[in-house]
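The chain contents come next:
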Amino acid sequence: MSRRVAYLNGEFIPETEARVSVFDCALMFGDMIFEMSRSYGQKPFLMREHLERLYSSLRYVQIDCGMTIDELEKATHDLIERNLPALNGVEYMVMHDITRGGIPVYSDVIKEGTDPVVIITTFPLVRHIGAMLEKFENGASFVVTRQQSVPSRFIDPKAKNRSRLYYKLADLEAERAEAGAMALLTDEQGFITEGTGSNFFIVRDGEILTPAPHNILRGVSRQYCIELAARLGIPLKETSIEPYDVANADEAWFATTPFGMVPVTRFDFNPIADGRPGPVFGRLIEAWSKSVGVDIIGQSREYAELMKTWKP
């Protein structure tokens, strides 16, 4: 039986043996930049776009990982090729994690040294995608949490980093408010920013609205939604959105790499419009499915069944 390997600082090693020091900046400070991308039909999707954002984030936090973007891309494809036999024909995610490295004062006990650490892993998405079926079919529930986004004047969320305690606190608050609910964050002025790992969209009078790209992660999937809307001739505006606008929207969804886009049918404990996934969402998810050659919602049904017996 084939076993997956991970890339760690130039070497391909068994995934179960991939480790960083307990004195690494990632553990001590959450000082890590990362990207997650995924496959459709077992082929990487928008990989280069994710890597370009990764390198933008690295420049922002002043980490030189010691590899060019082309070198990292090649290493990624080499890893995927090595792991395909162990992925058993299912979709997978690709995770890039880059830490600043070990803290120099602990250098005597860090066998890996103190240079930046580059990690690439793959992992099957069966459980991720299968668990999303109920939300694909009936829609997700979002609640605005007291925990807000971190303003870009402190840590710019456009740099995708692992310092995400505020995401976790928002998730815990949302779950306490309503079982299964997801958190929707706001900025200091009360405008909607994003979910905890997703971008947010609403539809009003046939026009798509999404939060302006200030205090948010400018998601790769968000941008793909914008491009699909343009192809379909659906008007779209990046603008300030208030909770009031969400409560009175015709439909809503969130966009995120693992699932593409998922409908939102409840907001702050009440249905959005008729409480069902809307027609604009339907047009976009159909266009996305056609563009990647995968029935995205159908695949979720398939994986929901497969996950009952799946072992990664």
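Keep in mind the model is a prediction, meaning the values are calculated, not measured. (Residues numbered from 1 in each chain as written. Predicted model: local features only at pLDDT ≥ 70, side-chain atom pairs only at ≥ 80, totals over all residues. Heavy atoms only, no water.)

Draft legend 1. Representation of the overall build of the protein in the model. Per the secondary structure count, the protein includes 10 helices and 15 strands. Against the 2.2 N^0.38 benchmark of 20 Å for 312 residues, the protein shows a C-alpha radius of gyration of 20 Å, consistent with a compact globule. Seen through its C-alpha atoms, the protein measures out along the principal axes to roughly 60 × 45 × 35 Å. The buried share of the protein, taken over its 312 residues, is 53%. The long-range fraction of contacts in the protein, counting pairs at least 24 apart against all pairs at least 6 apart in sequence, stands at 73%. Of the roughly 14700 Å² of accessible surface on the protein, 52% is carried by carbon and sulfur atoms. (Helix = DSSP H or I, 4+ residues; strand = E, 2+ residues; numbered from the N terminus. Rg over C-alpha atoms; globule rule 2.2 N^0.38 Å. Buried < 20%, exposed > 50% of the residue type's maximum accessible area, 1.4 Å probe, protein only. Contact = heavy atoms within 4.5 Å. Areas by Shrake-Rupley, 256 points an atom, 1.4 Å probe, with all protein chains shown as cover.)

Draft legend 2. Structural detail: the packing of helix α7 (residues 220–232) against helix α9 (residues 279–292). Relative to each other, α7 and α9 sit at 100°, their axes nearing to 10 Å. Judged on the interaxial angle alone, α9 and α7 are roughly perpendicular. Facing α7, whose interface residues are Ser-221, Tyr-224, Cys-225, Leu-228, Ala-229, Arg-231 and Leu-232, α9 presents Arg-283, Leu-284, Ala-287, Trp-288 and Ser-291. A breakdown of the residues in the contact of α7 with α9 according to their chemical character gives eight nonpolar, two polar and two charged. (Axes fitted to C-alpha atoms, helices over the stretch in contact; angles between N-to-C directions. Parallel < 35°, antiparallel > 145°, perpendicular 65-115°, else oblique. Nonpolar A, V, L, I, M, F, W, Y, C, P; charged D, E, K, R; others polar.)

Draft legend 3. Molecular detail of the packing of aromatic side chains. Using the criterion set out here, one finds 11 aromatic pairs in the structure. Summarising the aromatic geometry, the rings of Phe-45 and Tyr-224 are spaced 5.2 Å apart at their centres and angled 90° between planes, so their arrangement reads as edge-to-face. On the criterion of sequence distance, the pair formed by Phe-45 in strand β4 (residues 43–45) and Tyr-224 in helix α7 is long-range, its members being 179 residues apart. Here Phe-45 and Tyr-224 have matching classes, each one buried. Members of the aromatic cluster, joined through ring pairs, are Tyr-40, Phe-45, Tyr-224 and Trp-288. In this arrangement the basic side chain of Arg-38 is found over the ring face of Tyr-40, its NZ or CZ atom lying 3.7 Å from the centre. Over the face of the ring belonging to Phe-34 we find Arg-162, whose NZ or CZ atom lies 3.7 Å from the ring centre. (Phe/Tyr/Trp six-rings, centres within 6.5 Å; stacked < 30°, edge-to-face > 60°. Lys NZ or Arg CZ within 6 Å of the ring centre and 35° of its normal.)

Draft legend 4. Fine view of the nonpolar core. If you look at the biggest cluster of nonpolar residues, it comprises 55 residues, and the most contacted ones within it are Phe-200, Ile-208, Trp-253 and Trp-288. It is α9 that provides the largest number of residues to this core, a total of seven residues. When residues no more than four places from it in sequence are discounted, the contact partners of Phe-200 are Phe-142, Leu-184, Ile-192, Leu-209, Thr-210, Pro-211, Val-246, Ala-252, Trp-253 and Val-264. Counting residues in hydrophobic clusters, the runner-up holds 22 residues, among them Leu-51, Ile-63, Leu-79 and Ile-80. (Core = buried A, V, L, I, M, F, W, Y, C linked by side-chain atoms within 4.5 Å.)

Draft legend 5. Main features of the sheet that holds strand β2 (residues 11–14). Here we have six strands laid out as an open sheet, ordered β2-β1-β6-β5-β3-β4, and antiparallel in their pairing. Edge strands, defined here as strands with exactly one partner in the open sheet, are β2 and β4. Put simply, the sheet's adjacent strands are angled 30° from each other on average, direction ignored. Relative to β4, strand β3 (residues 32–40) runs antiparallel, the two being bridged by three bridges. What sits directly across from Ser-39, in β4, is Pro-44. (Pairing = 2+ DSSP bridges.)

Draft legend 6. Structural detail: the packing of helix α2 (residues 47–61) against helix α3 (residues 69–83). It is the contact of α2 with α3, at a shortest axis distance of 11 Å, that shows an interaxial angle of 135°. The angle between the axes of α2 and α3 places the two elements in the oblique class. The chirality of how α2 crosses α3 is right-handed. Mapping the contact onto sequence places Met-47, Arg-48, Leu-51, Glu-52, Leu-54 and Tyr-55 in α2 and Ile-69, Asp-70, Leu-72, Glu-73, Thr-76 and Ile-80 in α3. Of the residues in the contact of α2 with α3, the class split is seven nonpolar, one polar and four charged. (Left-handed = near helix turned anticlockwise from the far one by under 90°.)

Draft legend 7. Highlighting the pairing of strand β6 (residues 117–124). Counting buried residues along β6, seven of its eight residues qualify, which places the element largely inside the surrounding structure. Looking at chain direction, strand β5 (residues 92–99) and β6 are connected through eight bridges and run antiparallel. In the sheet register, Asp-97 faces β6, and the bridge partner there is Ile-119.

All we've got here are geometric facts, nothing functional implied.
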